[in-house]
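# Report on the structure
Spelled out from the first residue to the last, the chains are:
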Amino acid sequence: MPTEAVDHDDVNTPVERLEIKDSVQRKLFMLSGNECAWPTCRQVLVPSEGGWFGHIAHIRAAKPGGPRFDETMTNNQRREFDNLLLLCAKHHRLIDDGETAHRYSREDLEEIKRQHEGRFAHALDDLSREEEQYVDYTASITAVHCSTLHAVYGDDFLNEDELLTEIARVNRIADHLATATHAARQLLCLVVESDSRIGLAEAARRFRLAQRKVVDLVNELHRLHLAEFDPTPADELEPGQVPGRIATLDGAYSNPVFDGIPFWEHLRPLGPDIFKTLIIDLDFSVLDRAPAEAAERPSPDGAEAAARPEGSR
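Treat the numbers as computed from the prediction; the structure is a model and nothing was measured.

### Digging into the sheet that holds strand 4 (residues 227–229)
- Taken together, the 3 strands give an open sheet; going across it, the order is 3-5-4, and neighbouring strands pair in antiparallel fashion. With partners counted over all chains shown, the strands left at the sheet margins are strand 3 (197–199) and strand 4, one partner each. The mean inter-strand angle of the sheet, taken between neighbouring strand axes irrespective of direction, is 25°.
- Contacting strand 3, strand 4 and strand 5 (245–248), helix 7 (residues 182–193) runs over the sheet at an angle of about 90° to strand 5.
- Where helix 9 (residues 211–223) meets the sheet, its contacts fall on strand 4 and strand 5, and the angle it forms with strand 4 comes to roughly 130°.

Structure (C-alpha cells):
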C-alpha cells in the first residue's frame, strides 16, 4: 500500500526536522559576506587555505524543546531562509546552549540577521546595477544602410550588378562599424580625418584622455580590423612623421572588412564632414545623396560631440 504524502506546509503535521535546501544554503552564504553574522565577530567561514567554519542556526528551533521553538510554524517554515542564521561554531553554541540561549530572543536574532545580511545585500544590489551598466549596448545599434551610392558613383559609373555588389559591400562595412563602441568610432573618425594617421600623444590631447585610455580604444579598433599602431620603425619614417602613430587599416593587404581597398580615401572627395556622418552617426544613407548634399549635410551630433570620446565627458 502506497505511503501517504506528508504535508510539511500544514501546521498540524507532526514536527520533523527537515534538511535545509541547497538553494537556501547558497543564499545564506551569499549574503553572509563569508563572515559570521554575530555583530562583533569576524570569523571567516571559508578561509583561503580550505575548510568550512559556518554553522546554520535556527532562529526558532527546528524541534520542540529547542530554543525559541514556535509551535505555530510549519516544518517547511522552520527551514526557510528567514528562520536561519549563518554563524561560526562559537556563536551558534552561544545562542543554542541551555545556559545561554535564554539571553537571545527571536527578535534579537532576527535583528542580527537583518543588520548583517543587509550590509551585503546592498553590496550585491550595487554589483547587479553595475553589471547592468556593462551590457554590450553595441548589440542594439543599427547602421542606416545606403541603397544607391549616388554620391560616390553617380549614375553611370557601374553597371547594375556591379552597383548591387558594391552596395552590399558598403553596407557590410556599415554593420561592422556598428559593432565598435561609440568612443572607438570617435577615435577612428579623428584618425581618418587626420589623413588616416595621428600620433598617440596628439590623440590623447585632442580627446583629453590619458594615453592608456587611447591605447585601449586602439586595441578595440585593431581587434575589429579598423586601426592599429603603425608598426613602421622610427628610422624608416618620413621626415615629420611620429613613431607609434595610430593608422587606419582599410588599405591593409587581406583586410577582411575592407578587402584591402582604401575605403576612407575613396570617400575623402565628399568633404570632411562625411566621416562624422558615416563613422560616428553610422548613417550610410548620406552616400545616396548628390555629392553637394553629402558634403554639406551637417553632423547631427555637432562638432563638439565629435571632438571627444564619450568616456571623457
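### Brief notes about the pairing of strand 2 (residues 84–88)
- Within strand 2, 5 of the 5 residues are buried, which leaves the element mostly enclosed by the surrounding structure.
- Across 5 bridges, the pairing between strand 1 (residues 54–58) and strand 2 is antiparallel. From the neighbouring strand, Gly-54 faces strand 2, where its bridge partner is Cys-88.

### Some points on the environment of Glu-220
- Along the chain, Glu-220 falls in helix 9.
- Taking the C-alpha atoms as reference points, Glu-220 and Thr-181, separated by 39 residues in sequence, lie 8.5 Å from one another.
- Beyond its immediate chain neighbours, meaning those up to four positions away, Glu-220 contacts Ala-180, Thr-181 and Ala-184.

### Regarding the state of the cysteines
- Scanning the model with the defined rule gives 0 disulfides in all.
- Cys-36 provides the cysteine sulfur closest to Cys-41, a residue in no disulfide bond, and the two sulfurs are 3.9 Å apart.
- Among the residues examined, Cys-41 registers a relative accessible area of 11% and is labelled buried.
- Free cysteine: Cys-88, not disulfide-bonded; nearest cysteine sulfur from Cys-36 at 3.7 Å.
- Residue Cys-88 is classed as buried on the basis of its relative accessible area, which comes to 5%.

Procedures and definitions
- By convention here, each chain's residues receive numbers from 1 onward along its written sequence.
- The predicted origin of the model limits local features to residues at a pLDDT of at least 70 and limits the giving and counting of side-chain atom pairs to 80 or more, whereas totals for whole chains, interfaces and linings rest on all residues.
- The side-chain figures draw on all heavy atoms in the structure; neither hydrogens nor water molecules are used.
- Each pair of strands is called paired provided DSSP finds at least two bridges between the two strands.
- Secondary structure elements follow DSSP: runs of H or I no shorter than four residues count as helices, runs of E no shorter than two count as strands, and numbering proceeds from the N terminus.
- Each axis is a line fitted through C-alpha atoms, taken for helices only over the stretch in contact, and angles between the N-to-C directions span 0 to 180 degrees.
- Residues are treated as being in contact if the distance between any of their heavy atoms lies within 4.5 Å.
- Using a 1.4 Å probe on the protein chains alone, a residue whose accessible area is under 20% of its type maximum counts as buried, one over 50% counts as exposed, and one in between counts as partly exposed.
- The disulfide criterion used throughout: a pair of cysteine sulfur atoms within 2.5 Å.

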